[in-house]
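These are the residues of each chain, in order.
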Amino acid sequence: MTDTNHKIIIAIDGHSSCGKSTVAREIASKLNYIFIDTGAMYRAVTLYCLRNKLINNGLVDIPKLNTNLDKIKVYFRFNPQTSHNDIWLNGENVEEEIRLLAVSQNVSPVAAVAEVRHLLVALQQEMGKSKGIVMDGRDIGTVVFPDAELKIYMTAQPDVRAKRRYDELIAKGEHVSYDEIKANIIERDRYDENRKESPLRKAADAIVLDNSLMTPEEQLDWVLSQINKL
Ligand code: DC
């Protein structure tokens, strides 16, 4: 097991809605590490774009977004009520709003904009400077921290992922259909894997975790056993 004198970076990448953030949060809490959900950062920028009409019919106005980038301040703040680090956008806690389907449906083209990636990757690298961090996303093991000590590439069958996300959104009271959730997941994977800027790829030294048939407990044990092997 890693001790506090030898902190490492754990990079968790993979497909949409396969539980990366859940497992990353649990591992961070076990090791007393910081957990960073980088998807939340791309979602916050997307929320800014939606509010400021920088996305029209799914198309991002890239020149306008780029001239607005210095007005977009995205950061995490500890929430004492939940003990989580919530995402903030320009002075407002947007942790809840960024999970809405409207944001999920528009985040991929925003995350494909090179200037947005450069801005957020620089912030992420700064957050991991002292190590002791578990970061989840799409390019953590390939671009943000290519030297991370442990890289996990997570996936699960699309049907399994869609059902989990559907149950989550229904529990929050959103009116969504299973089919639109599944279509969104498949579309985001396709977009994330095929974009020009930092596409979703398994790093050569990443270990694959397919959790389609795993319980959350089995998955956590699996990750802890990988950490113990280090
Ligand atoms: O993990 P998530 O589903 O909340 O991420 C939202 C979107 O952000 C996802 O469709 C791809 C993008 N993303 C990215 O391009 N790079 C990251 N490091 C994290 C997320």
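Residues numbered from 1 in each chain as written. Predicted model: local features only at pLDDT ≥ 70, side-chain atom pairs only at ≥ 80, totals over all residues. Heavy atoms only, no water.

Chemist: Quick one: what's the story with the nonpolar core, residue by residue and with numbers?
Modeler: Formed by 37 residues in total, the largest nonpolar core has its most connected members in Val45, Leu65, Ile72, Val74, Ile87 and Val116. Elements supplying a minimum of two residues to this core: β1 (9–14), α2 (38–51), β5 (74–79), β6 (84–89), α5 (107–111), α6 (114–127), β8 (133–137) and α7 (140–144). It is α2 that contributes the most residues to this core, eight residues altogether. Judged by nonpolar contacts, the second largest core, of 22 residues, contains Ile8, Ile10, Leu220 and Ile227. (Core = buried A, V, L, I, M, F, W, Y, C linked by side-chain atoms within 4.5 Å. Buried < 20%, exposed > 50% of the residue type's maximum accessible area, 1.4 Å probe, protein only. Helix = DSSP H or I, 4+ residues; strand = E, 2+ residues; numbered from the N terminus.)

Chemist: Outline empty space enclosed by the protein, listing residues and values.
Modeler: Taken as a whole and judged by the stated rule, the model has two cavities of 30 Å³ or more. The calculated volume of the largest cavity comes to roughly 70 Å³. Every residue along the wall of the largest cavity is listed here: Arg25, Phe35, Ile36, Asp37, Ala40, Phe76, His84, Asn85, Asp86, Glu95 and Arg99. Looking at the lining of the largest cavity, the elements with two or more residues in it are β2 (34–37) and β6. In terms of residue class, the lining of the largest cavity is made up of four nonpolar, two polar and five charged. For the second largest cavity, the calculated volume is near 40 Å³. Secondary-structure elements contributing two or more residues to the lining of the second largest cavity are α4 (101–104), α8 (158–171) and α9 (178–194). A per-element tally of the lining of the second largest cavity places α9 first, with four residues. Of the residues that constitute the lining of the second largest cavity, the class distribution is four nonpolar, three polar and two charged. (1 Å grid on protein atoms, 1.4 Å probe; cavity = no way out; pocket = protein on both sides within 12 Å on 5 of 7 lines; lining within 4 Å. Points joined across faces, edges and corners; volume = space filled by probe spheres on them. Nonpolar A, V, L, I, M, F, W, Y, C, P; charged D, E, K, R; others polar.)

Chemist: An account of the pattern of salt bridges is needed here, citing residue identities and associated values.
Modeler: The full count for this structure, using the stated rule, is 15 salt bridges. Among the ionic pairs, aspartate 139 bridges to arginine 117, the shortest N-O distance being 2.9 Å. Of this pair, aspartate 139 sits in the loop between β8 and α7 while arginine 117 sits in helix α6, and the two are 22 residues apart along the sequence. Residue arginine 117 is classed as buried on the basis of its relative accessible area, which comes to 2%. Between arginine 138 and aspartate 192 there is a salt bridge, with the nearest N and O atoms lying 3.2 Å from each other. In this pair, arginine 138 sits in the loop between β8 and α7 while aspartate 192 sits in helix α9, placing the two residues 54 residues apart along the sequence. The burial state of arginine 138 is the same as that of aspartate 192; both residues are buried. In this structure, a network of salt bridges that share partners links the residues Asp37, Glu95 and Arg99. (Salt bridge = Lys/Arg side-chain N within 4 Å of Asp/Glu carboxyl O.)

Chemist: Tell me about the environment of arginine 43, and please be specific about residues and values.
Modeler: Its location among the elements puts arginine 43 in helix α2. Exposure remark for arginine 43: the relative accessible area of 7% places this residue in the buried category. Through-space distance from the C-alpha of arginine 43 to that of asparagine 106 is 8.6 Å; in sequence the pair is 63 residues apart. If we ignore the near neighbours within four places in the chain, the residues touching arginine 43 are Ile98, Arg99, Val103, Ser104, Val107, Arg165 and Arg188. (Contact = heavy atoms within 4.5 Å.)

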